Amino acid sequence: QVQLVESGGGLVQAGGSLRLSCGASGSIFSINDMGWYRQAPGKQRELVAVITSGGSTNYTDSVKGRFTISRDNTKNTVYLLMNSLKPEDTAVYYCNVKARSWGLQQERSYWGQGTQVTVSS
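Here the structure is a predicted model, which means the values were calculated and not measured. Just so you know, the residues in each chain are numbered from 1, in the order the chain's sequence is written. The predicted nature of this model means local features are confined to residues of pLDDT at least 70 and side-chain atom pairs, given and counted, to a pLDDT of 80 or more, with totals for whole chains, interfaces and linings taken over all residues. Calculated side-chain values reflect all of the structure's heavy atoms, with hydrogen atoms and water omitted.

Q: What should I look at first to understand the pairing of strand β1 (residues 2-7) in this one?
A: The side chains of a regular strand alternate, residue by residue, between the two faces of the sheet. The side-chain alternation of β1 yields one buried face, formed by Val2, Leu4 and Glu6, and one unburied face, formed by Gln3, Val5 and Ser7. Where β1 meets strand β3 (residues 18-26), six bridges bridge the pair, whose relative direction is antiparallel. Directly across from Val5, in β3, lies its bridge partner Gly23. For every residue, the accessible area obtained with a 1.4 Å probe (protein chains only) is divided by the maximum for its type, and the residue is called buried under 20%, exposed over 50%, and partly exposed between those limits. Only DSSP runs of H or I with at least four residues qualify as helices, and only runs of E with at least two residues qualify as strands; both kinds are numbered from the N terminus onward. Strands qualify as paired when DSSP identifies two bridges or more between them.

Q: What is the right way to look at unusual backbone geometry in this model?
A: Glycine aside, negative phi is the norm for most residues, and most peptide bonds take the trans geometry. Of note, Asn76 is a non-glycine position whose phi angle comes to about 50 degrees, a positive value. Using a relative accessible area of 25% as the deciding quantity, one classes Asn76 as partly exposed. Although it is not a glycine, Ser84 sits at a positive phi angle of roughly 50 degrees. Structurally, the position occupied by Ser84 is in the loop between β8 (77-82) and β9 (91-101).

Next comes the structure, spelled out in structure tokens:
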């Protein structure tokens, strides 16, 4: 019973910036990891960044130094600030949240609807 809504995607020129947001709602008991994945046409979905409930972060090598993941636990929201964007960053970006809802003991993985990020040269 957890729903994720993403926003912030769009078209930007190389070197520009975008900030993605993903808010979780529903019957939430707790949220553990929150992260962002992306999938380009013809390629596998890859993990871009993840942030734990304690604030520890990890990034894929291709975005280190350019992207910053953060979260606001009071709003059940995760953000991805993308700076110095490159054409190879073009993809559909998906929010992912590992959470427990009221009445369930097992942690489950939830996905947002995806938001398109297009970087032009």
